[in-house]
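This is what each chain is made of:
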Amino acid sequence: MELKNRIKKILNENGVNPKTIVDLGCKQMRYSDLFPNSRILGFDIVQTMKLYKKLQQNDNLSFFFKNFNFNQNVPKSDLVIASLFLHFIKKEAREKLFEEIKKSKYFLVVHLDKRIQIPKEFSLIAKDEFHTEKETHDELPEHSHHLFIELYKTL
Ligand SMILES: C[S@@+](CC[C@H](N)C(=O)[O-])C[C@H]1O[C@@H](n2cnc3c(N)ncnc32)[C@H](O)[C@@H]1O
């Protein structure tokens, strides 16, 4: 089962049906089709052409430039998504970021290969892990990744 289906299953099984979503390091907001009726705010330091087109076609999606290595506020939402993102953020900046994420109800993390420590104030309610199909990107030899999905409830 690919990543998106696994995420969908975890959210459904735990009755998470967010009206508002914050997607940190959203890139092209790859999860937006899982939430056709939700308002999604995406944040990143770059905007891709693919996202630009998506934004033009969908009023539910908004994008903002923000660099989370500098102290930034995160709007309160029903669900914060940090997918393949936290490892880009310096440890000191991550602490402030977690404080901000705590304002929201649920926190969904997708870790790549190595899990980033999530503070104890977040309560883990579901998790999953799997190895991706073999892939090639960034001129690397064929390889697969070990992905971890974690759903937290903020306390
Ligand atoms: C590996 S991609 C993951 C994209 C998307 N979340 C996904 O799962 O497909 C990491 C994204 O984080 C963004 N990013 C990296 N450092 C960032 C920072 N300091 N602040 C905001 N976004 C950042 C990158 O531009 C990139 O789009």
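All values derive from a computational prediction rather than experimental measurement.

**Q** Looking at this model, I keep getting lost on the overall build of the protein chain. Mind explaining?
**A** In terms of regular secondary structure, the protein chain is built from three helices and seven strands. Ordered by position from the N terminus, the helices and strands of the protein chain form the series α-β-β-α-β-β-α-β-β-β. In summary, the protein chain has a C-alpha radius of gyration of 15 Å against a globular reference of 15 Å for 155 residues, a match within 12%. Dimensions of the protein chain, computed from C-alpha atoms along their principal axes, come out at roughly 40 × 40 × 35 Å. The proportion of buried residues among the 155 residues of the protein chain is 28%. Taking all contacts inside the protein chain whose residues are at least 6 apart in sequence as the whole, residues at least 24 apart take part in 57%.

**Q** Got a minute to help me understand the sheet that holds strand β5 (residues 106-112) in this structure?
**A** Strand pairing within a sheet occurs via backbone hydrogen bonds; the two strands may be parallel or antiparallel. Spatial ordering of the open sheet is given by β3-β2-β1-β4-β5-β7-β6, a layout of seven strands whose pairing is mixed. Each edge of the sheet is formed by a strand with only one pairing partner; in this case those strands are β3 (61-65) and β6 (122-131). Looking at each pair of strands side by side, their axes are set apart by 15 degrees on average, direction ignored. Strand direction decides the pairing type here: strand β1 (residues 20-24) and strand β2 (residues 39-44), joined by five bridges, are parallel. Paired with I21 across the bridge in β2 is I40.

**Q** Can you help me understand unusual backbone geometry in this one?
**A** Note: most peptide bonds trans; most residues except glycine with negative phi. The backbone phi angle of L84 is positive, close to 50 degrees, even though this residue is not glycine. Residue position: L84 is located in the loop between β4 (79-83) and α3 (91-101). Judged by the 17 C-beta atoms lying within 10 Å of it, L84 falls in the partly exposed class. Even without glycine at this site, D138 takes up a positive phi of about 50 degrees.

**Q** Can you help me understand the site of the ligand in this one?
**A** Near the ligand you find 16 residues, and of these G25, K27, S83, L84 and F88 are the closest. Residues that form the shell around the ligand fall into these classes: eight nonpolar, four polar and four charged.

**Q** Got a minute to help me understand the nonpolar core in this structure?
**A** Generally speaking, nonpolar side chains in soluble globular proteins are found buried as a group. Counting residues in hydrophobic clusters, the biggest one holds 32 residues, and the most contacted among them are L24, V80, I81, A82, F107 and L108. Counting residues per element, the ones that place at least two in this core are α1 (3-13), β1, β2, β4, α3, β5 and β7 (146-154). Dropping the residues within four chain positions of it, L108 is found in contact with I7, L79, I81 and L151.

**Q** Even after reading the chapter, I still don't get the environment of R30, so can you show me in this structure?
**A** Secondary-structure assignment places R30 in the loop between β1 and β2. When the C-alpha positions of R30 and S83 are compared, they lie 9.7 Å apart, and in sequence the two are 53 residues distant.

**Q** Please explain the environment of L3 as it appears in this structure.
**A** Take L3: it is sitting in helix α1. You can call L3 partly exposed: it has 17 C-beta atoms within 10 Å. Separated by 129 residues in the primary sequence, L3 and T132 place their C-alpha atoms 8.4 Å from one another. Not counting chain neighbours up to four residues away, the residues in contact with L3 comprise V110 and L147.

**Q** How should α3 be read in this particular structure?
**A** One turn of the α-helix equals 3.6 residues, which is why residues spaced by three or four share an orientation. For α3, the full list of buried residues reads R94, L97, F98 and I101. Buried residues in α3, looked at end-on, bunch into an arc of 100 degrees, giving them a common side. α3 presents E92 and E95 as exposed residues on the side facing more than 90 degrees away from its buried surface. In this structure, the buried residues of α3 make contact with β4 and β5.

Scoring rules and cut-offs
Residues numbered from 1 in each chain as written. Predicted model: local features only at pLDDT ≥ 70, side-chain atom pairs only at ≥ 80, totals over all residues. Helix = DSSP H or I, 4+ residues; strand = E, 2+ residues; numbered from the N terminus. Rg over C-alpha atoms; globule rule 2.2 N^0.38 Å. Buried ≥ 20, exposed ≤ 12 C-beta atoms within 10 Å, placed from the backbone. Contact = placed C-beta atoms within 7 Å. Pairing = 2+ DSSP bridges. Axes fitted to C-alpha atoms, helices over the stretch in contact; angles between N-to-C directions. Near = placed C-beta within 6 Å. Nonpolar A, V, L, I, M, F, W, Y, C, P; charged D, E, K, R; others polar. Core = buried A, V, L, I, M, F, W, Y, C linked by C-beta atoms within 7 Å. Arc of directions from axis to C-beta.

Note that every value here comes from positions in space, so none of it alone points to a role or purpose.
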